[in-house]
Amino acid sequence: TVGAAGRYEHYNTFGSAWVGKINALFKVSDALSLRGSIGTGYHAPSPGQSNVSIVTTSFNNGVAFQSGTYPVNTAVAQYYGATTLTPEESVNYGLGFILEPARGVTLTVDGYQIDLNDRIGLTQPFIVSTEDLQAQPALLPVGVDGQVQYFTNGFDTRTRGIDVVGTWR
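Please read these numbers as outputs of a predicted model, since none were measured by experiment.

**Q** Lay out the sheet that holds strand β10 (residues 151–168) with the relevant residues and their values.
**A** Here we have six strands laid out as an open sheet, ordered β1-β2-β3-β6-β7-β10, and antiparallel in their pairing. Sheet topology places β1 (2–11) and β10 at the edges, where each strand pairs with a single neighbour. Recorded for the sheet is a direction-independent mean angle of 10° between the axes of neighbouring strands. One ladder, built from ten bridges, connects β1 with strand β2 (residues 15–27); its direction is antiparallel. Bridge pairing in β2 places Ala5 opposite Lys21.

Have a look at this one:
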């Protein structure tokens, strides 16, 4: 058995992408089947990741400070090097087998890998100095010794694993 699926996605703020998946199942015998798949993914930044703007009071060892998270298009985020968010893109792979050694007994084993590029996450906290505040007055709500963060396409990840499922009916 062979399957294929495709989808076209369009975001007026982040462009377009084709994503898809191909999978196959091959029955070697009544007791053994092999399966595999490969697919792609696309995840545009959420409205929260693109637009969140919040300043809160936090505490470190009983000392209060202001902590701000800003959208990448603000003067504060750009002061610390923010660039426009781009979508996350991924490729995923799976390979496994189905074993039915006896009636009512099934064992499945599947290995997988997901490669995710341009993953979105928060930056490290930037500590505001007196010089920063003088250079960028928009930092005033956070103040000296406050912290600033923004969402960024900061890293790539690879996730690997094995799923094993045994069933006795």
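**Q** Would you mind going over unusual backbone geometry in detail, with residue names and values included?
**A** Of note, Asn61 is a non-glycine position whose phi angle comes to about 55°, a positive value. Mapped onto the elements, Asn61 comes out in the loop between β4 (54–60) and β5 (63–69). The backbone of Asp145 shows a phi angle near 70°, a positive value even though the residue is not glycine. Its location among the elements puts Asp145 in the loop between α3 (130–135) and β9 (147–149). A residue is classified by how much of its surface remains accessible, and Asp145, at 54% relative accessible area, is exposed.

The rules behind the values
- Residues numbered from 1 in each chain as written.
- Predicted model: local features only at pLDDT ≥ 70, side-chain atom pairs only at ≥ 80, totals over all residues.
- Heavy atoms only, no water.
- Pairing = 2+ DSSP bridges.
- Helix = DSSP H or I, 4+ residues; strand = E, 2+ residues; numbered from the N terminus.
- Axes fitted to C-alpha atoms, helices over the stretch in contact; angles between N-to-C directions.
- Buried < 20%, exposed > 50% of the residue type's maximum accessible area, 1.4 Å probe, protein only.

Read these as spatial facts, not as claims about activity.
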